[in-house]
Amino acid sequence: MNASKYKPFEGAPIVGRQWPSKRITKAPIWCSVDLRDGNQALIDPMGIETKLKFFDLLVKIGFKEIEICFPSASDTEFDFCRRLIEENHIPSDVTIQVLCQAREHLIRRTMEAIKGAPSVIFHIYNSTSPAQRKYTFGKTKDEIVQIAVEGVRCIKECMKSLSEDERKRIRLEYSPESFSMTEIDYAIEICDAVGREWGISPERKIIYNLPSTVECYTPNVYADRIEYFASKVANRESVIISTHCHNDRGTGVASCELGLLAGADRVEGCLFGNGERTGNLDIVTVALNMFSEGVDPELDFSDLPSVADAYQEYTKMDIPPRTPYAGGLAYTALSGGHQDAIAKGLAARASMPADAVWDVPYILIDPHDIGRQYEGIIRINSQSGKGGASFILEHNYGYSIPKAMQPAVGNLIKAESDKAQRELKGEEILSFFEEKWIRNRARFEIVDIASTQLDANSESGSAEHVSCRGVIRVDGENVAFGGRGNGPLDSFVSAVSGVVFPVFNITAFHEHSVGQGSGAGAVAYVQIETGSGEKFWGVGKSSNVGRAGIEAVVSAMNQLG
Ligand code: KIV
Ligand code: ZN
């Protein structure tokens, strides 16, 4: 590979840069360019009906500025603009933005398209980089400035025929296209010339949109250029500085964020990073990054899965599983150490107030805040830890496995996943668990059982005031049993321990209720230890609390090979 073929692009001669020690503390002005930049990058651009639905989605999310199209580019684009205006789709607090090259006939056509719009940003651009000046236009720097200035003059000319009120509804945005590759002082010169021609003031602010049309350096260089631009541009108080980052180096989000630190007021971008080549910057990520640091992004992604579904339907683009926030695997941990920490973090939250600061390990934001569930957080494969399977059994199926039993459950599920050589679904984990501990009748099964409360005084001071009798199937044969104890469980143990099974004790017992109403019952977990020191876990489930414990003992007995 011959790297000498390439050279670094120009930064900015900035001294005493401020942006590295800043933080983002408020939402910028957001402008979605999904319907223009995003749309023009689609293999099959959206039709009018789809664009209308997408526009409604953007409004619902909370965008107040939406670049809707390039009206002079095609009839579909023009007609879409007319439909939005004539059918009153634009809420009173939303401004539509239209893109146009700084060329007279295109400007006149765009003016036609926006007639009657309640509020418009007229966005003109021309390319300013050395390569574009040389190859595309064959013009000098001054001639390129002239193109921009004449474009503004033409817009002003067209506006003369409008009423005062109509004129007030049109704002100007200018983009020195290919700003990222343009000499910074020249970019400032051309923006200043445009601002002078438009006649800017604090009441008549202009938007200078500074695109990394092609992202060509690290985000700090973009930030330097934004801070330098902001410090040198004329009449800063009459200027809104806008970022418009593409993602050629995969750092569009970072460039935008550092651009905001450097003083940008506004962000143009697309949902999920759609856009030319490797995309525009992903507005969802920038917004939710702010959210994750406690800053209200002023965009509503509380039902991100619905936004993602609509986006995929409209654009026919996929959202890869590792996409920040929206990806299918964005909140999933498969490795054991992560699962264990997440399960403990979530368990701790159960006893905290709902608005306690989020600090669950490995999960940046609470999935519930963006409409995702906890179910997908932990998924099980052969690398998963001992707590993962128990987390799923608890969160999906209501089995609160005691901590001491979790390694046994984890080992079973891990072995099954290893055998299958794939991830196990929740239902499969449930089935392996129940097969081993609840439905396991390998050697022992209670056929019949009854307990009787004994008269406390009848047996001279004995603590054994419950007796139980019944029949248990042992290796296919029915065997009668009977015993006494201080409770139903104890009397059952004394009936079978050392009789149909080696002598054993109960060394752990846990119980919880499951279900509600008529379907309510109990699940019991026991650990038994035989005289030879072997330990087995068992699980019993029954509508009767006492019976659940006895079934758990039988389940443990069935674990003896
Ligand atoms: O990326 C870009 O430079 C653009 C301009 C038209 C703003 O999309
Ligand atoms: Zn762009």
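Residues numbered from 1 in each chain as written. Chains lettered and ligands numbered in written order. Predicted model: local features only at pLDDT ≥ 70, side-chain atom pairs only at ≥ 80, totals over all residues. Heavy atoms only, no water.

Attention shifts here to the site of ligand 1. Close to ligand 1 lie R36, D37, L99, H123, S175, E177, N209, P211, T213, H244 and H246, which account for all nearby residues. Interatomic distance of 2.5 Å between a side-chain N/O atom of T213 and an oxygen atom of ligand 1. The side chain of H244 places a nitrogen or oxygen atom 3.1 Å from an oxygen atom of ligand 1. Of all the secondary structure elements, the ones that give two or more residues to the shell around ligand 1 are α1 (34-40), β5 (170-177) and β6 (206-212). For the shell around ligand 1, the residue count by class is 2 nonpolar, 6 polar and 3 charged. (Near = heavy atom within 4 Å. Polar contact = N/O pair within 3.5 Å; in protein donor to acceptor, adjacent residues only side chain to side chain. Helix = DSSP H or I, 4+ residues; strand = E, 2+ residues; numbered from the N terminus. Nonpolar A, V, L, I, M, F, W, Y, C, P; charged D, E, K, R; others polar.)

Evaluation of the coordinates by the stated rule reveals 11 aromatic pairs. Aromatic side chains F272 and Y311 sit 4.8 Å apart centroid to centroid with 55 degrees between the ring planes, which places their arrangement in the tilted category. You can see F272 sitting in the loop between β8 (266-269) and α11 (283-292) and its partner Y311 sitting in helix α12 (residues 304-315), a full 39 residues away along the chain. We classify F272 as buried; its relative accessible area is 12%. (Phe/Tyr/Trp six-rings, centres within 6.5 Å; stacked < 30°, edge-to-face > 60°. Buried < 20%, exposed > 50% of the residue type's maximum accessible area, 1.4 Å probe, protein only.)

Quick look at the nonpolar core now. Nonpolar side chains tend toward joint burial in soluble globular proteins. I68 and L271 are the most contacted members of the largest nonpolar core, which has 144 residues in total. Tallying contributions element by element places helix α6 (residues 141-159) first for this core, with 10 residues. In contact with I68, not counting residues within four places along its chain, are L35, R36, K51, F55, F80, C81, L84, I96, Q97 and V98. Judged by nonpolar contacts, the second largest core, of 28 residues, contains L489, I528, A548 and A556. (Core = buried A, V, L, I, M, F, W, Y, C linked by side-chain atoms within 4.5 Å. Contact = heavy atoms within 4.5 Å.)

Another point: the packing of helix α10 (residues 252-261) against α11. Relative orientation of the contacting elements α10 and α11 amounts to 55 degrees, with a least axis distance of 9 Å. It follows that α10 is oblique to α11 by the angle criterion. When the axes of α10 and α11 are compared, the crossing they make is right-handed. On the side of α10, the interface is formed by V253, C256, E257 and L260, while α11 contributes T285, V286, N289 and M290. Of the residues belonging to the contact of α10 with α11, the class tally is 5 nonpolar, 2 polar and 1 charged. (Axes fitted to C-alpha atoms, helices over the stretch in contact; angles between N-to-C directions. Parallel < 35°, antiparallel > 145°, perpendicular 65-115°, else oblique. Left-handed = near helix turned anticlockwise from the far one by under 90°.)

These figures capture arrangement, not role.
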